[in-house]
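# Descriptive analysis of the structure
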Amino acid sequence: MHLIVSKLDDAALSSEAKVPSLLSEMSADGLILNYTHGYPAQLPDLIRRYRIPCVWLNANEPFDCVHSDDDFAGYFACLELLNAGHRNIAWAHYGMGTKEKRLAVHYSVIDRYAGYSRAMREAGLKPRRIDNPREISTDESLAFSRAWLDSPDRPSAVLVYDPGVAYSIMYAASTLGLSIPRDLSIVTLDRGNLANLSPRVSSMSINFAAVANAVVPMLIDKIREPATPQKTVVVPPLWMKNGHTFAPPHGRKSA
């Protein structure tokens, strides 16, 4: 089999004239569509209407889709911190404070936070969100991190949506003389380029090999029967224990 990688703009993916001819123009039998969020609203309907063999990748569609189990990622990571003795565990994803912003983000942001929140509630604890009502620059991110790290109610552990925010938190912590993970345990919910983090931190990572192994057979089935919906496959993430999640420091066990 042959894989063709192509980038298409929104105009092409929302055009009644363009969508039916996508496969013939690319000399392809089917599509793996890695358009994660914010795609044209009419695109799913056009794909179904013209029976284009297509599998959605890294999206959250009810059929013909493969994605990582992001709810479980947040849930399991929080359980790891709870099992280490932490009770004051926060969630950090900067620039997510407004309802409008949350509606525009990738579904994984919502699902990972939901998993974290469920684990906290099951433990009889209140979820705690550390975010900002708007997008912030790198310099602002550092100042924002310093502010909550230097507060009297600083959490003993934090789940971070992506490594970019983890970098800011770790640098801010170092300027305050805090030791990671002894003063603050950090777990990221996206592996990213964690090799550059020092000290190393643990993370939940997308199992890309398992995603690929699910996508290709599903697309072959769609090519054979384009009109038959394929049940969405949700792939468990991998726990990458690269760092330590120390027990909370003395005096910071309560929520």
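In case you missed it, the structure is sitting above this.
Presented here is an overview of the structure given in this document. (Residues numbered from 1 in each chain as written. Predicted model: local features only at pLDDT ≥ 70, side-chain atom pairs only at ≥ 80, totals over all residues. Heavy atoms only, no water.)

Another point: the environment of L33. Looking at where L33 falls in the secondary structure, it is placed in strand β1 (residues 31–33). What makes L33 buried here is its relative accessible area of 11%. Between the C-alpha atom of L33 and that of N58, which follows or precedes it by 25 residues, the distance is 8.7 Å. Discounting chain neighbours no more than four positions away, the residues touching L33 are L43, I47, C54, V55, W56 and L57. (Helix = DSSP H or I, 4+ residues; strand = E, 2+ residues; numbered from the N terminus. Buried < 20%, exposed > 50% of the residue type's maximum accessible area, 1.4 Å probe, protein only. Contact = heavy atoms within 4.5 Å.)

Packing of helix α7 (residues 138–149) against helix α8 (residues 163–175) leaves a shortest axis separation of 8 Å and a crossing angle of 60°. With respect to α8, the axis of α7 lies oblique. As for how α7 packs across α8, the hand of that crossing is right-handed. Touching S141, L142, S145, R146, W148 and L149 of α7 are S168, I169, Y171, A172, A173 and T175, all from α8. A class-by-class count of the residues in the contact of α7 with α8 yields 7 nonpolar, 4 polar and 1 charged. (Axes fitted to C-alpha atoms, helices over the stretch in contact; angles between N-to-C directions. Parallel < 35°, antiparallel > 145°, perpendicular 65-115°, else oblique. Left-handed = near helix turned anticlockwise from the far one by under 90°. Nonpolar A, V, L, I, M, F, W, Y, C, P; charged D, E, K, R; others polar.)

Looking at the element boundaries, S108 is found in helix α6 (residues 107–122). Only 2.7 Å separates the side chain of S108 from the side chain of H106, close enough to count as a polar contact. (Polar contact = N/O pair within 3.5 Å; in protein donor to acceptor, adjacent residues only side chain to side chain.)

Of all hydrophobic cores here, the largest spans 21 residues; its most connected members are C78, I89, W91, Y116 and L159. Elements supplying a minimum of two residues to this core: α4 (70–83), β4 (89–92), α6 and β6 (157–160). Once residues within four sequence positions are removed from consideration, C78 is found in contact with I89, Y116, A119, M120 and L159. Grouped together as the second largest cluster of nonpolar side chains are 20 residues, V165, M170, A173 and V201 included. (Core = buried A, V, L, I, M, F, W, Y, C linked by side-chain atoms within 4.5 Å.)

In this section: the pattern of salt bridges. This model, assessed by the stated rule, comprises 8 salt bridges. Measuring nitrogen to oxygen at the nearest pair gives 2.8 Å for the salt bridge that ties D45 to R49. Residue D45 and its partner R49 are located together in helix α3 (residues 43–49), separated by 4 residues, close to a single helical turn. Judged by its relative accessible area of 35%, D45 falls in the partly exposed class. What makes R49 partly exposed here is its relative accessible area of 45%. One salt bridge connects D131 with R129, and the closest N-O pair in it is separated by 3.6 Å. Using a relative accessible area of 18% as the deciding quantity, one classes D131 as buried. (Salt bridge = Lys/Arg side-chain N within 4 Å of Asp/Glu carboxyl O.)

Geometric values such as these leave the question of function open.
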